[in-house]
Amino acid sequence: MTILVTGGTGKTGLKLARLLRAANIPLLITSRAGIAPESLPAVKFDWNDPSTFSAPFEKDPSIDKVYLVGPAELDMLPTMKPFIDLAIKKGVKKWVLLGAAQSGKGGPMIGTVHQYLHDKGAVYTVLRPSWFHENFSVRFTESIKKRNEIVTAAEDGRIPYIAAQDIAQAAFEAFTTDDYNHAEPFILGPELLTYDDAAALFSEVLGRKITHRRVPVEEKIAFWQSVGLPDDYSVVLAGMEKQLASGVEEKAFLAEGGKTIKYIGKAKLREYIEKNKDNWAPA
């Protein structure tokens, strides 16, 4: 049986594909171009083109598990529901969804998909990672390179930054064990850091002063809009950053027992900065 990895060339999808291949587990990854690096089996798939939804099952009818990475939409269900319904008809029995620490069942983004799979009685795991290490190479690259600053609305919120490799490992374990069935584990890094702490790490590794500039949430909304994100998505994303100031992700990290399920990764943010320091060389 085969695991379909949507978003197969993305931050977590490609790393998951490598883990599956190393374990000799059949896999098929999706990409908009239908090609993948490292000679991995791939198929053309695009959330914005429903005509591609059947392609994975035509290429490999034995697909019975799916790793779901959704589109950048405030409510992903309308786009993803036709594919989910088709996949269930084709025999998919287990789902692992890439969610977010601040988006629970029925919430924004992947939350409505989580609710839908729950209502369908599907076997699923929703991974709820904290903020990625890799965000510093996407969201903050230009500000660090050009202005030596990290700009956020997070104030003094402490964050358990998580590596994409650790998220992929959590996904791998969700597919290969029953430990996380019908669960939504928080996927968290091994340490709590503020953005001030992160700026200090960048300063040490890069050898120049990097600062954390605090801005109102309205400025972050405008930033996300300026890089092409939809208005409603920009508001939610900036709001999630603002919520960090209230300790929302710190609480998940510190929680013990009860209904909170945690998967603690191994990689620390400093390791990521050291490995990728050329990304932030002065422009």
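Residues numbered from 1 in each chain as written. Predicted model: local features only at pLDDT ≥ 70, side-chain atom pairs only at ≥ 80, totals over all residues. Heavy atoms only, no water.

When you look at helix H3 (residues 77-89) in this model, what are you seeing that I'm missing?
In an α-helix, one turn spans 3.6 residues; hence positions three or four apart end up facing the same way. Relative to the 18 Å expected for 13 residues at 1.5 Å per residue, H3 spans 17 Å between its end C-alpha atoms, a close match to the ideal helical length. Along H3, the positions that sit buried rather than exposed are Leu-77, Thr-79, Met-80, Phe-83, Ile-84, Asp-85 and Ala-87. Tucked inside the fold, the buried residues of H3 contact strand S1 (2-5), helix H2 (55-59), strand S4 (63-68), strand S5 (94-98) and helix H4 (111-120). (Helix = DSSP H or I, 4+ residues; strand = E, 2+ residues; numbered from the N terminus. Expected span 1.5 Å × (residues − 1). Buried < 20%, exposed > 50% of the residue type's maximum accessible area, 1.4 Å probe, protein only. Contact = heavy atoms within 4.5 Å.)

Looking at this model, I keep getting lost on the nonpolar core. Mind explaining?
Soluble globular proteins: nonpolar side chains tend toward being buried together. Judged by nonpolar contacts, the single largest core of 59 residues is most densely connected at Leu-68, Phe-83, Trp-95, Val-113, Phe-136 and Tyr-195. Other than its neighbours up to four places away in sequence, Leu-68 contacts Thr-6, Trp-47, Met-80, Phe-83, Ile-84, Trp-95, Val-96, Leu-97, Leu-98 and Val-113. Among the nonpolar cores identified, the runner-up in size contains 28 residues, and Tyr-67, Phe-132, Ala-168 and Ile-187 belong to it. (Core = buried A, V, L, I, M, F, W, Y, C linked by side-chain atoms within 4.5 Å.)

So what exactly am I meant to see when it comes to the environment of Arg-139 here?
Along the polypeptide, Arg-139 turns up in the loop between strand S6 (123-129) and helix H5 (141-147). Judged by relative accessible area, which is 22%, Arg-139 ranks as partly exposed. Between the alpha carbons of Arg-139 and Trp-224 there is a distance of 9.4 Å; along the sequence they are 85 residues apart. Non-local contacts of Arg-139, meaning those with residues more than four positions away in its chain, are made with Trp-131, Phe-223, Trp-224 and Leu-237.

Looking at this structure, how should I read unusual backbone geometry?
Peptide bonds are, in most cases, trans, and in most cases residues other than glycine have a negative phi. Look at Asn-24: it is not a glycine, yet its phi comes out positive at around 60°. Note that Asn-24 resides in the loop between helix H1 (13-22) and strand S2 (27-31). Backbone geometry places Glu-155, a non-glycine residue, at a positive phi of 55°. Secondary-structure assignment places Glu-155 in the loop between strand S7 (149-152) and helix H6 (164-176).

Could you clarify how one ought to interpret the packing of aromatic side chains in this entry?
Any two aromatic rings considered together are summarised by their centre-to-centre distance and by the angle between their planes. In total, this model carries 16 aromatic pairs according to the counting rule given. For the ring pair Phe-45 and Phe-53, a centre distance of 5.4 Å and an interplane angle of 25° mean the geometry is stacked. This pair shows no difference in class: Phe-45 is buried, exactly as Phe-53 is. Look at Phe-140 and Tyr-195: their rings are 5.8 Å apart centre to centre, the planes differ by 70°, and that puts the pair in the edge-to-face class. Note that Phe-140 is positioned in the loop between S6 and H5 and Tyr-195 in helix H7 (residues 195-206), a separation of 55 residues in sequence. With respect to class, Phe-140 is no different from Tyr-195; both count as buried. (Phe/Tyr/Trp six-rings, centres within 6.5 Å; stacked < 30°, edge-to-face > 60°.)

Sorry if this is basic, but what is going on with the sheet that holds S4 here?
Sheet strands pair by backbone hydrogen bonding; their relative direction is either parallel or antiparallel. Overall, parallel pairing links the 8 strands, which are arranged S3-S2-S1-S4-S5-S6-S8-S10 in an open sheet. Edge strands, defined here as strands with exactly one partner in the open sheet, are strand S3 (42-44) and strand S10 (262-264). Strand-to-strand twist in this sheet, taken as the mean axis angle between neighbours without regard to direction, amounts to 25°. In this structure, S5 lies alongside S6, joined through 5 bridges in parallel fashion. The partner of Leu-97 across the bridge, within S6, is Val-126. (Pairing = 2+ DSSP bridges. Axes fitted to C-alpha atoms, helices over the stretch in contact; angles between N-to-C directions.)

Looking at this model, I keep getting lost on the pattern of salt bridges. Mind explaining?
Should their charged atoms come close, side chains of opposite charge can pair. The full count for this structure, using the stated rule, is 18 salt bridges. With its nearest N and O atoms 2.4 Å apart, the salt bridge here joins Arg-18 to Glu-38. On the criterion of sequence distance, the pair formed by Arg-18 in helix H1 and Glu-38 in the loop between S2 and S3 is long-range, its members being 20 residues apart. Owing to a relative accessible area of 36%, Glu-38 belongs among the partly exposed residues under this scheme. One salt-bridge network, in which partners are shared between bridges, spans Arg-147, Glu-149, Arg-213 and Glu-219. (Salt bridge = Lys/Arg side-chain N within 4 Å of Asp/Glu carboxyl O.)

Sorry if this is basic, but what is going on with the packing of helix H8 (residues 217-226) against helix H9 (residues 231-243) here?
A packed helix pair is summarised by two numbers, namely the angle formed by the two axes and the spacing between the axes. The N-to-C vectors of H8 and H9 enclose an angle of 140°; their axes lie 8 Å apart at closest approach. Classed by the angle they form, the pair H8 and H9 counts as oblique. Note on packing geometry: the crossing formed by H8 with H9 is right-handed. Between H8, through Val-217, Lys-220, Ile-221, Trp-224 and Gln-225, and H9, the contact on the second element is made entirely by Asp-231, Ser-234, Val-235, Leu-237, Ala-238, Gly-239, Glu-241 and Lys-242. Residue classes in the contact of H8 with H9 are distributed as 6 nonpolar, 3 polar and 4 charged. (Parallel < 35°, antiparallel > 145°, perpendicular 65-115°, else oblique. Left-handed = near helix turned anticlockwise from the far one by under 90°. Nonpolar A, V, L, I, M, F, W, Y, C, P; charged D, E, K, R; others polar.)

Help me understand the packing of H3 against H4 in this model?
H4 packs onto H3 with a crossing angle of 30° between their chain directions and a minimal axis gap of 10 Å. Considering their axes alone, H3 and H4 lie roughly parallel with respect to each other. When the axes of H3 and H4 are compared, the crossing they make is right-handed. For the pair H3 and H4, the contacting residues are Leu-77, Met-80, Lys-81, Ile-84, Asp-85 and Ile-88 in the first and Thr-112, Val-113, Tyr-116, Leu-117 and Lys-120 in the second. By residue class, the composition of the contact of H3 with H4 is 7 nonpolar, 1 polar and 3 charged.

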